[in-house]
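Structural features, examined
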Amino acid sequence: WAEAPPLALVVQPPLWRRAWFRVLLGLLAFGVVAGAYHLRIRQMQRIESTRKRIADDLHDDIGSKVSTVALRLDLARRDTSLSPEARQHLAELAGAARGVVTDLRDAVWFVDAGHDGLAALVGRIEVATAQMCDGRPYTVDRPAALPDVTLAMERRRHVFLWVREALHNTCKHGCGTVRV
């Protein structure tokens, strides 16, 4: 019975406690985050491209067709063989078609991603004020410098429609100079 040399046993830590596994897990987590970020950027680019295409289609195709309808109604109204009632009806239809063109321009403006800034919104409000206050005195107080702020399409739409409704009510029921 000889004395046996000591036996060294090395117990490896579990797989999840090994350094190479933790590095691999960190790289995997980084890859997942980077992939999700890349996917989100591609999705945002696809949405912006779709918005641009819709804006172009509305403006170039539908807008020009409705404008053509309004012009043809105006030309038909000039026919002296028509009764005054028929000419009045054609004038009302032409006015409605021009109203559709104006609404379509607003829709195109909302959808176009190139107008996501605060300066574009203020400029559009100035244009709407000039159109709605036609013949009525008005002033628009615009700050000299506007911050470079990007607004979401829905936020721009809500602010613009709120201002336009306020202008409509002011021009319809107010008196004196309109001040925006």
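Below: a short report on this structure.

**A look at the overall build of the protein chain**
- Looking only at helices and strands, the protein chain has four helices and two strands in total.
- Counted from the first residue to the last, the protein chain has its helices and strands arranged as α-α-α-β-α-β.
- A globule of 180 residues ought to have a C-alpha radius of gyration of about 16 Å, yet the protein chain, at 32 Å, is considerably larger.
- Across the 180 residues that make up the protein chain, the buried fraction comes to 19%.
- Here the analysis covers contacts within the protein chain between residues at least 6 apart in sequence; of these, 74% occur between residues at least 24 apart.
- Carbon and sulfur atoms make up 62% of the accessible area of the protein chain, which amounts to about 13500 Å² in all.
- Treating the 25 positive side-chain charges of the protein chain as one cloud and the 20 negative ones as another, the clouds have centres 5 Å apart.

**Quick notes on the environment of Val32**
- Tracing the backbone through its elements, the reader meets Val32 in helix α1 (residues 19-77).
- Residue classification places Val32 among the exposed positions, given a relative accessible area of 54%.
- Residues Val32 and Gln88, 56 residues apart in the sequence, show an inter-C-alpha distance of 66 Å.

**Some thoughts on the environment of Gly117**
- In this structure, Gly117 sits in the loop between α2 (84-111) and α3 (118-132).
- Here Gly117 falls in the partly exposed class, since its relative accessible area comes to 23%.
- Along the sequence, Gly117 and Ile54 sit 63 residues apart, while their C-alpha atoms lie 19 Å from each other.
- Every residue in contact with Gly117, bar those within four places of it in the chain, is listed here: Val149 and Thr150.

**A short note on α3**
- The end-to-end C-alpha separation of α3 is 21 Å, in line with the 21 Å expected for 15 residues at 1.5 Å each.
- If you check which residues of α3 are buried, you get Leu121, Val122, Arg124, Ile125, Ala128 and Thr129. When α3 is viewed along its axis, its buried side chains cluster within an angular range of 160° and face the same direction.
- Tucked inside the fold, the buried residues of α3 contact α2, β1 (138-139) and α4 (153-173).

Here is what the cut-offs are and how they apply
Residues numbered from 1 in each chain as written. Predicted model: local features only at pLDDT ≥ 70, side-chain atom pairs only at ≥ 80, totals over all residues. Heavy atoms only, no water. Helix = DSSP H or I, 4+ residues; strand = E, 2+ residues; numbered from the N terminus. Rg over C-alpha atoms; globule rule 2.2 N^0.38 Å. Buried < 20%, exposed > 50% of the residue type's maximum accessible area, 1.4 Å probe, protein only. Contact = heavy atoms within 4.5 Å. Areas by Shrake-Rupley, 256 points an atom, 1.4 Å probe, with all protein chains shown as cover. Lys, Arg positive; Asp, Glu negative; His and termini not counted. Charge placed at Lys NZ, Arg CZ, Asp CG, Glu CD. Expected span 1.5 Å × (residues − 1). Arc of directions from axis to C-beta.

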